[in-house]
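# Close look at the chain arrangement
Below are the chains, spelled out letter by letter.
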Amino acid sequence: MNSNDYQGKIKIAQKKHERDLIITLITGFIFSIIFSAYSIYKYYALDASAFDLGLHSNILWNAIHGYSFYTGLLGENFLAEHFAPFEYLQIPLYYIYPSPVSILVFQDVFLGLSILPLYEILKFLLKSRIKNSALYSTLIFITVFSYELSPFTASIYSFDFHNMAFLPFFIFMAIYAFLYNKKILNVAMLLFIVTLHSNFVYISLMIVLFEIIYSRKYKNLNLIFSRIRHISIIVSMFTLFILIGFAYIEFAGIMRGIISGHLSSVVISTGESGTVSGGLPGMVRALFTDPAYLFSFIYANYILKISYIVLLFATTGFMSLYFPEVLIIGLPYFGYAITSSYGSYYTLGYQYAAMIYPVMFLGIAFGVSKIIDNLNAKNKNRFTPKKIYFYYKKHGQDNILKIIISVLIIGLILGMLYNPLVPYNSMAPNDISGIHMTAATRFLLNERKYIPENSTILVENNLMPLFSDYKYVYSPPFSPLPNYTSFDYIIYMNNTFWANTGGNNSLIYIANYLLDHGYIMPYAEYNNQVIILKKA
């Protein structure tokens, strides 16, 4: 082959990769628009909630008006409960367009475009291993499309808004930076993960551990840790990372204590719900002192846990089993979820999926690369089933890839059954077929214009995001409430779950009490469905 032919083939390959990148970018933008439209319609359908869309909108509105991150929903500065410096990065965005819509779009664009670093990871691991360019492109497309239509991706944007939604992008970016030896970018992404929540230190540490294992396993790639020969140095470095991580968790606890004014209450905790108190140290202590107590949390909701994990592995996660080292990154999630009785950790429709499903898609990239390496090995690898190995030797790489792609397509179809973008008959929460702008929303948006911004408002949970641009806004039964007579306006919907939740602390009880004692009077209503009361 002469040099001209060789250069020509390189140019053709480059054009194909550029085409794949463009297709991936367009796909990301299309789904960003779809996710954003879904989230915005859900918000205007009054299907959002005080936690967490209303909460984040409220603290950002307060921040741009000089009230730091205070919110009446917590009765204090948000950073006193969750030390998350990432909130500061959202202030400029909210300043430009102070509405829940801005952070919904911000979140969903990050979600949709997460496939860009995922694409680069797939390219790094597979482009030199897969000979057939058409099959390579098909595998790329099926993977990124499966990501966008995954029920676990849907769990994020169907849960209104949460900082966890940015986690998949930063995890993919960290692994991308690692593989391409972009050390500063790698460190930056690990730090960004920590800014989302102090307890995500555990995720960053597991990513570093994975990077160490992969660097040592593939020394020829000259990755970050490949050149360190002595294992004792590696162990010492990782031990130092652990100490720094725990020091940051302690620092975050001190900052929460300073902000809240209760410094003496600072302890190292993972912040999980429904499990052994004391965080990770508490779980380790219970393992040796009272294992039955710890097991009671593990056993709780075991059917839900098993179903969730089965769906996780049945859609795309099974590929990670071919490269189990990648599951190390998912250990913090399994530690949170499996040891907890809190059902939201392992139920579709909640933000916690962001902690684990990126690992499943990394599993596709690393899993396929491992399968091909095993089949290309001179001696049959013991992890490759005998029948697959001999099938490969007889029929070649293309047929094996076709089987892998077919199985991924089956996983994609299975996942779509739980996707809220699939109208009707969908098994997902928040089916898109029931989401639309309501007349009640239009009524509330119009009435809001006449409520002074310094008003103290008591509002129903699912209506609260519409009134997040008031400093003093409360929503029972979650909020610590001021004296009942302090409320200037009470806003609720008749005969709804949220209006009646909380017994003597429920919105309906408070409204009736104030009406009976003459502290408040009817102000406006829509079709006897939405009620607005005003201080007498």
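Residues numbered from 1 in each chain as written. Predicted model: local features only at pLDDT ≥ 70, side-chain atom pairs only at ≥ 80, totals over all residues. Heavy atoms only, no water.

## A word on the packing of aromatic side chains
The line we're drawing: Two rings from Phe, Tyr or Trp (for Trp, the six-membered ring) form a pair when their centres are within 6.5 Å of each other. A pair whose planes differ by under 30 degrees is stacked, one over 60 is edge-to-face, and the rest are tilted. Put simply, DSSP H or I for four residues or longer makes a helix, DSSP E for two residues or longer makes a strand, and each gets a number counted from the N terminus. Any residue under 20% of the maximum accessible area for its type is buried, any over 50% is exposed, and the rest in between are partly exposed; the area is computed with a 1.4 Å probe on protein chains only. Lysine and arginine charges are scored as sitting over a ring when NZ or CZ, respectively, is within 6 Å of the ring centre and within 35 degrees of the ring normal.
A complete count under the given rule lists 54 aromatic pairs for this structure. Ring geometry for phenylalanine 106 against phenylalanine 166: centres 5.1 Å apart, planes inclined by 45 degrees, an arrangement best described as tilted. Separated by 60 residues along the polypeptide, phenylalanine 106 in helix α4 (residues 100–112) and phenylalanine 166 in the loop between α7 (151–157) and α8 (167–179) bring together distant segments of the chain. For phenylalanine 166, a relative accessible area of 0% gives the class buried. Measuring from ring centre to ring centre gives 6.3 Å for phenylalanine 467 and tyrosine 470, while their planes differ by 35 degrees; the resulting arrangement is tilted. Taken together through their ring pairs, the aromatic side chains of Phe86, Phe106, Phe110, Phe161, Phe166, Phe169, Phe170 and Phe192 make up a single cluster. Across the ring face of tyrosine 67, the terminal group of lysine 471 is positioned such that the distance to the ring centre comes to 4.1 Å.

## Observations regarding the confidence of the model for the protein
Inclusion rule: Per residue, pLDDT measures the predictor's confidence, with a range of 0 to 100.
Across the protein, pLDDT averages 89, with 91% of residues at or above 70. Mean pLDDT across the secondary structure elements of the protein bottoms out at helix α17 (residues 386–395), with 61, and peaks at α8, with 98.

## Some thoughts on unusual backbone geometry
Peptide bonds are trans in most cases, and residues, glycine excluded, mostly fall at negative phi. Cis geometry marks the peptide bond from phenylalanine 51 to aspartate 52, where omega comes out at 20 degrees. Summarising the element assignment, aspartate 52 is placed in helix α2 (residues 50–64). A cis amide bond links proline 476 with the next residue in sequence, proline 477, at an omega value of 10 degrees. In this structure, proline 477 sits in the loop between β4 (472–474) and β5 (489–493). Although it is not a glycine, aspartate 160 adopts a positive phi angle of roughly 55 degrees. Of note, aspartate 160 is situated in the loop between α7 and α8. In this structure, asparagine 527 takes a positive phi of about 55 degrees despite not being glycine. Along the chain, the position of asparagine 527 falls in the loop between β6 (520–526) and β7 (530–535).

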